Amino acid sequence: MASWKGRDILSIRDFSRGDMEVVLKHARKMAPFAEGQKSSQTLEGKILANLFFEPSTRTRLSFESAMIRLGGRVLGFSSVEGTSVQKGETLADTVRMVEGYADAIVLRHPHEGAARLAAEFTERPVINGGDGAGQHPTQTLQDLYTIWDEKGKIEGLSIALVGDLKYGRTAHSLAHALAGFGTSLSFVSPPGLEMPWEIIEEVKKSGTAVSTTHRLEDVVPVADVLYVTRIQRERFPDPQEYERVAGSYRVDLPLLREAKKDLILLHPLPRTTEIDPVVDRTPYAKYFRQAFNAVPVRMALLEMILGVGG
Amino acid sequence: MRELRVTPIKNGTVIDHIPAGMALKVLKVLGIDEAVTSTVTVAMHVPSKAMGWKDIVKVEDRELSPREVDKIALIAPRASVNVIRNYNVAEKHVVRLPDRAVGILRCGNPNCITNLREPVETDFLVLRGEPPRVACRYCDRIVEDVAAAIV
Ligand SMILES: [Zn+2]
């Protein structure tokens, strides 16, 4: 493994299984600091630039929390209004300007490939905080960490990804990340929103057992992890069709009667109707823990790329 | 009757072993249109020992740049490029499919950062196969119709 110091975090595709395991272990060490039980000043004197060309409150605040918990400081903008970007400045120029003000850069951008472009114009490490419909690697690492932290392992688990698997980037990235870990994966989606065949092929090539189904009931009894994603209304021209489809992929108490006792239920949030709120009180519900895990994972990455802690 | 397709040319380039049906795309890649000033000969669906059928393009009074040869490799990965000087084959190259295609393709994803006004060249990884496909190094989009993406 090459040195982490100065490394860009652009795509989960740049991570080997070994790389991911290093992040997971480091993140676990960060958990007490993320919860505020212990305090740390490892990033004292360091500045993180949060460049959000479109709003994403969750991503921005979790990076801010991670940086501040470690004694660092944050500057940046949370939308392009009133910035030089509105005057037509290129991303390349914005990044070269910001490089003088910060030690690392988080970029959220509406266009795919923006983070890779930004990284080419600065020596500072760039973290992709989501680029258009493209990559969001810290989200994927956070999902992976939640599975590993809750189940104590990843290898050998039966994991079902549920929802709009055609357009859902979180599901694509997670499938890719899990491919190297020796899991068995089920892809559960409405007809027409199936996982793209390129991703299924790629996952199979890694030796992962893959099954696909349109019926959520098929996977609930065998799954160790149910990863539920949104089915977006916009994908359906007919609102009644949407209601019917969304209803048949809804996780509620009757459905979970068939589940393993130690099933964990994840969701990248925000949810709409995919998970009945009464499920929140069951031991299956881990999605709020998953949301919290954004912080230790980002703390770990910040320490690693800024070359401290570890 | 004289066979037009074997007419020798004095100076220029003969691109042979183009997959049958791809000759017109080769012309497009070379920017050959109604404004062309030299003679261009196209032979389509010619019997070939190696390929079954093939196309051939001859362009008089013109030699190709390495960038143009790379573009041809992307749509005709087994083509040979013969440089003719004074009726003789002065150079004979079999094209090589490049690993990367930099600055010669446009990304088909309208939301790709390379389609904005940024100071970068497009950059694609070339995926092997017949026909070869390419993947944008910025947005990961796979381009199936490479010929249509050539700039
Ligand atoms: Zn692209």
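Residues numbered from 1 in each chain as written. Chains lettered and ligands numbered in written order. Predicted model: local features only at pLDDT ≥ 70, side-chain atom pairs only at ≥ 80, totals over all residues. Heavy atoms only, no water.

Asks: Hey, could you run me through the overall build of chain A in this one?
Replies: Helix and strand counts for chain A come out as 12 helices and 9 strands. The C-alpha radius of gyration computed for chain A amounts to 20 Å, which stays within 12% of the reference 19 Å derived for 310 residues, consistent with globular compactness. By principal-axis analysis of the C-alpha atoms, chain A measures approximately 55 × 45 × 40 Å. Accessible area for chain A stands at about 13,100 Å²; split by element, carbon and sulfur atoms hold 49% of it. Positive and negative charge centroids in chain A, built from 38 and 40 side chains respectively, lie 4 Å apart. (Helix = DSSP H or I, 4+ residues; strand = E, 2+ residues; numbered from the N terminus. Rg over C-alpha atoms; globule rule 2.2 N^0.38 Å. Areas by Shrake-Rupley, 256 points an atom, 1.4 Å probe, with all protein chains shown as cover. Lys, Arg positive; Asp, Glu negative; His and termini not counted. Charge placed at Lys NZ, Arg CZ, Asp CG, Glu CD.)

Asks: Sorry if this is basic, but what is going on with the side chain of A:Ser158 here?
Replies: The topology assignment puts A:Ser158 in strand E5 (residues 158–162). Once residues within four sequence positions are removed from consideration, A:Ser158 is found in contact with A:Ser184, A:Val222, A:Ala223, A:Asp224 and A:Val225. (Contact = heavy atoms within 4.5 Å.)

Asks: How do you make sense of the coordination of the zinc ion when you look at a structure like this?
Replies: When a metal carries six donors in an octahedron, the ideal angles between them are 90 or 180 degrees, while four donors in a tetrahedron ideally lie at 109.5 degrees. Residues and elements named next belong to chain B. At 2.3 to 2.4 Å from the zinc ion lie its protein donor atoms, namely Cys107 (SG), Cys112 (SG), Cys136 (SG) and Cys139 (SG). For the zinc ion, the donor residues sit on a single chain with the sequence spacing C-x4-C-x23-C-x2-C. Summarising the burial analysis for this pair, Cys107 and Cys112 share the class buried. (Donors = N, O, S within 2.8 Å, 3.2 Å for Na, K, Ca; no water. Buried < 20%, exposed > 50% of the residue type's maximum accessible area, 1.4 Å probe, protein only.)

Asks: Which parts of the structure should I look at to understand the nonpolar core?
Replies: Note on soluble globular proteins: their nonpolar side chains tend to be buried together. One finds B:Ile15, B:Leu30, B:Ile72, B:Leu74 and B:Leu105 to be the most contacted residues of the largest nonpolar core, which totals 60 residues. Residues in contact with B:Leu30, not counting those within four places in the same chain, are B:Ile15, B:Val59, B:Arg62, B:Leu64, B:Glu68 and B:Ile72. (Core = buried A, V, L, I, M, F, W, Y, C linked by side-chain atoms within 4.5 Å.)

Asks: Sorry, what's going on with the layout of surface pockets here?
Replies: Over the atoms, a rolled probe matching the size of one water molecule traces out where space is still vacant. If you add up the space inside the largest pocket, you get close to 1,300 Å³. At the level of elements, helix H4 (114–120), strand E4 (126–131), helix H6 (169–179) and helix H7 (197–205) of chain A together with strand E7 (123–127) and strand E8 (133–136) of chain B are the ones that each hand at least two residues to the lining of the largest pocket. In terms of residues, the lining of the largest pocket owes the most to one element, H7(A), which gives 6 residues. Looking at the lining of the largest pocket, its residues break down into 15 nonpolar, 9 polar and 16 charged. Taken as a whole, the second largest pocket holds about 730 Å³ of empty space. Taken together, 28 residues form the lining of the second largest pocket, with A:Arg108, A:Arg169, A:Thr170, A:Arg230 and A:Leu269 sitting closest to its centre. When contributions to the lining of the second largest pocket are tallied by element, the ones reaching two or more residues are helix H2 (57–69), helix H5 (137–151), H6, helix H11 (287–292) and helix H12 (294–305) of chain A. If you tally residues by element for the lining of the second largest pocket, the top one is H2(A), at 4 residues. Its residues assigned to classes, the lining of the second largest pocket comprises 7 nonpolar, 13 polar and 8 charged. Residues lining the lining of the second largest pocket come from more than one domain, with at least three contributed by each of domain 1 (2–135 + 293–305) and domain 2 (137–291) of chain A. (1 Å grid on protein atoms, 1.4 Å probe; cavity = no way out; pocket = protein on both sides within 12 Å on 5 of 7 lines; lining within 4 Å. Points joined across faces, edges and corners; volume = space filled by probe spheres on them. Nonpolar A, V, L, I, M, F, W, Y, C, P; charged D, E, K, R; others polar. Domains from an automatic or database assignment.)

Asks: Help me understand the domain arrangement of chain A, please; the structure alone is not making it clear to me.
Replies: Often the size quoted for an interface is simply the accessible area lost on bringing the parts together. Residue and element names in this part refer to chain A. Domain boundaries in chain A define domain 1 (2–135 + 293–305) and domain 2 (137–291). Domain 1 and domain 2 are separated by 26 Å when their C-alpha centres are compared. Facing the 33 residues of domain 1 at the interface are 25 residues of domain 2. A buried area of about 2,500 Å², summed over both sides, lies between domain 1 and domain 2, and 58% of it is on carbon and sulfur atoms. Here domain 1 and domain 2 share 4 salt bridges between them. (Buried area = accessible area lost by both parts, 1.4 Å probe. Salt bridge = Lys/Arg side-chain N within 4 Å of Asp/Glu carboxyl O.)

Asks: Would you mind going over the domain arrangement of chain B with me for this structure?
Replies: Residue and element names in this part refer to chain B. Partitioning chain B into domains gives domain 1 (12–94) and domain 2 (100–149). Distance between the C-alpha centres of domain 1 and domain 2: 23 Å. In this assembly, 9 residues from domain 1 lie in contact with 14 residues from domain 2. Taking both partners together, domain 1 and domain 2 bury about 860 Å²; carbon and sulfur atoms supply 64% of that area. By the criterion of area lost to domain 2, the three top residues of domain 1 are Arg67, Leu74 and Pro77, representing 56% of everything that side buries. Summed over the shared surface of domain 1 and domain 2, the number is 1 salt bridge. Seen at the junction of domain 1 and domain 2, the total is 2 residue pairs in polar contact (both at pLDDT 80 or more). (Polar contact = N/O pair within 3.5 Å; in protein donor to acceptor, adjacent residues only side chain to side chain.)

Asks: How do you make sense of the environment of B:Cys107 when you look at a structure like this?
Replies: Residue and element names in this part refer to chain B. Turning to its location among the elements, Cys107 is positioned in the loop between strand E6 (100–102) and E7. Residue Cys107 is classed as buried on the basis of its relative accessible area, which comes to 4%. Through-space distance from the C-alpha of Cys107 to that of Lys49 is 36 Å; in sequence the pair is 58 residues apart. Apart from the residues lying within four places of it in its own chain, the contact partners of Cys107 are Cys112, Thr114, Asn115, Thr122, Phe124, Cys136, Cys139 and Arg141.

Asks: Any chance you could explain empty space enclosed by the protein here in plain terms?
Replies: Residue and element names in this part refer to chain A. All told, the structure shown has 1 cavity of 30 Å³ or more when counted by the stated rule. Here the largest cavity is characterised by a volume of approximately 30 Å³. Considering the residues around the largest cavity, the lining is formed by Ile231, Ala246, Tyr249, Thr273 and Glu274. A per-class count over the lining of the largest cavity returns 3 nonpolar, 1 polar and 1 charged.

Asks: I keep staring at the sheet that holds E4(A) and nothing clicks. Help me out?
Replies: Pairing between sheet strands relies on hydrogen bonds along the backbone, with the strands arranged either parallel or antiparallel. Residues and elements named next belong to chain A. Taken in spatial order, the 4 strands of this open sheet run E2-E1-E3-E4, and their pairing is parallel. The sheet terminates laterally at strand E2 (73–77) and E4, the two strands that pair on one side only. Between one strand axis and the next, the sheet turns through 15° on average, direction left out of account. Looking at chain direction, strand E1 (residues 47–52) and E2 are connected through 5 bridges and run parallel. Residue pairing for E2: Leu51 is matched across the bridge by Phe77. (Pairing = 2+ DSSP bridges. Axes fitted to C-alpha atoms, helices over the stretch in contact; angles between N-to-C directions.)

Asks: Honestly, H6(A) in this entry has me stumped. Any pointers?
Replies: Given 3.6 residues per helical turn, the α-helix brings residues three or four places apart onto the same face. Of all 11 residues in H6(A), 11 are buried; the element is thus mostly enclosed. Along H6(A), the residues that are buried comprise A:Arg169, A:Thr170, A:Ala171, A:His172, A:Ser173, A:Leu174, A:Ala175, A:His176, A:Ala177, A:Leu178 and A:Ala179.

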